[in-house]
Amino acid sequence: MQVLLVEDDALLGEGIVCALKQAGFTVNWIDTGRYALSSIKAEPPDIVLLDLGLPDMDGLSVLKAIKALALPIQILILTARDGIEYKVAGLDGGADDYLTKPFAREELLARLRVLERRLTDASTAEISIGDVCLYTDKHRATLAGNELSLSRREYMLLKALMESAGIIQTKERLESQLYSWGEQIASNAIEVHIHNLRKKLSGSFIKTVRGVGYQVDKP
Ligand code: CA
């Protein structure tokens, strides 16, 4: 799950990023509304955590602009404004949930899990190509009916390739789906994960498109 955190409070932002990473989310963090919108357009995340009190734009305007993109993104608003009118305006504006600051990390994670469930229920929970079957709601995969033992990144990589079957995925695109910004990535990280995945799958399942990237053929 790709989460975009839009929050200008440095201390809170650091705390949230840390908690989310520990819980297995891929998280990117932006501190202005304008930058958040351009990032969402360029690379839509699954979930946006949106602070309503941003330095450059009103959070509700950011929310409106995100909704106007009509992307399958779940939005959780974070607000220090405890006035009921902001929550109502946020929910009326299309936010999926809200949290009032200060909040407990456990509550944030629990609400994220709900949004995550909604997303996986809404998208195909099962992707089947050849002998390989991916169960996205359970984060597991099978090969000819046998459970595959995959690391978290191997699973994410396989999912990224299978969801976009028939389309070449560049190394950069795959890196952005597997790693958060600023995370240390070895230059051959994707190659290593592909190599390990191939050992677990049948040899020709993931194709190398020389000089471009990788691809799984359409079923
Ligand atoms: Ca703020």
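**Q** Explanation requested: the domain arrangement of the chain in the structure shown.
**A** Many descriptions give the size of an interface as the accessible area lost when the pieces come together. Domain boundaries in the chain define domain 1 (2-120) and domain 2 (126-216). Distance from the C-alpha centre of domain 1 to the C-alpha centre of domain 2: 28 Å. Counting from both sides, the interface comprises 13 residues of domain 1 and, opposite them, twelve residues of domain 2. The junction of domain 1 with domain 2 conceals about 900 Å² of combined surface from both sides, 45% of it contributed by carbon and sulfur atoms. Taken together, domain 1 and domain 2 are joined by zero salt bridges.

**Q** Please explain the pairing of strand E2 (residues 26-30) as it appears in this structure.
**A** Looking down a regular strand, the side chains alternate between one sheet face and the other. Across the five residues that make up E2, a large majority, four, are buried. Looking at chain direction, strand E1 (residues 2-6) and E2 are connected through five bridges and run parallel. Across the sheet, residue Val6 finds its bridge partner in E2, namely Ile30. Considered for its hand, the β-α-β crossover made up of E1, helix H1 (residues 10-22) and E2 is right-handed.

**Q** Sorry, what's going on with the nonpolar core here?
**A** As a rule of thumb, soluble globular proteins bury nonpolar side chains together. Membership of the largest hydrophobic core comes to 26 residues, with the highest contact counts inside it found for Leu158, Leu161, Met162, Leu201, Phe205 and Ile206. Among the elements of the structure, strand E6 (126-129), strand E7 (132-135), helix H6 (152-163), helix H7 (171-178), helix H8 (189-200) and strand E12 (213-216) are those that each provide at least two residues to this core. The element contributing the most residues to this core is H6, with seven residues. Here Phe205 is in contact with Ile129, Val132, Leu158, Met162, Gln215 and Val216, once residues within four sequence places are set aside.

Reading guide: rules and limits
- Residues numbered from 1 in each chain as written.
- Predicted model: local features only at pLDDT ≥ 70, side-chain atom pairs only at ≥ 80, totals over all residues.
- Heavy atoms only, no water.
- Domains from an automatic or database assignment.
- Contact = heavy atoms within 4.5 Å.
- Buried area = accessible area lost by both parts, 1.4 Å probe.
- Salt bridge = Lys/Arg side-chain N within 4 Å of Asp/Glu carboxyl O.
- Buried < 20%, exposed > 50% of the residue type's maximum accessible area, 1.4 Å probe, protein only.
- Helix = DSSP H or I, 4+ residues; strand = E, 2+ residues; numbered from the N terminus.
- Pairing = 2+ DSSP bridges.
- Right-handed = clockwise from strand over helix to strand, strands pointing away.
- Core = buried A, V, L, I, M, F, W, Y, C linked by side-chain atoms within 4.5 Å.

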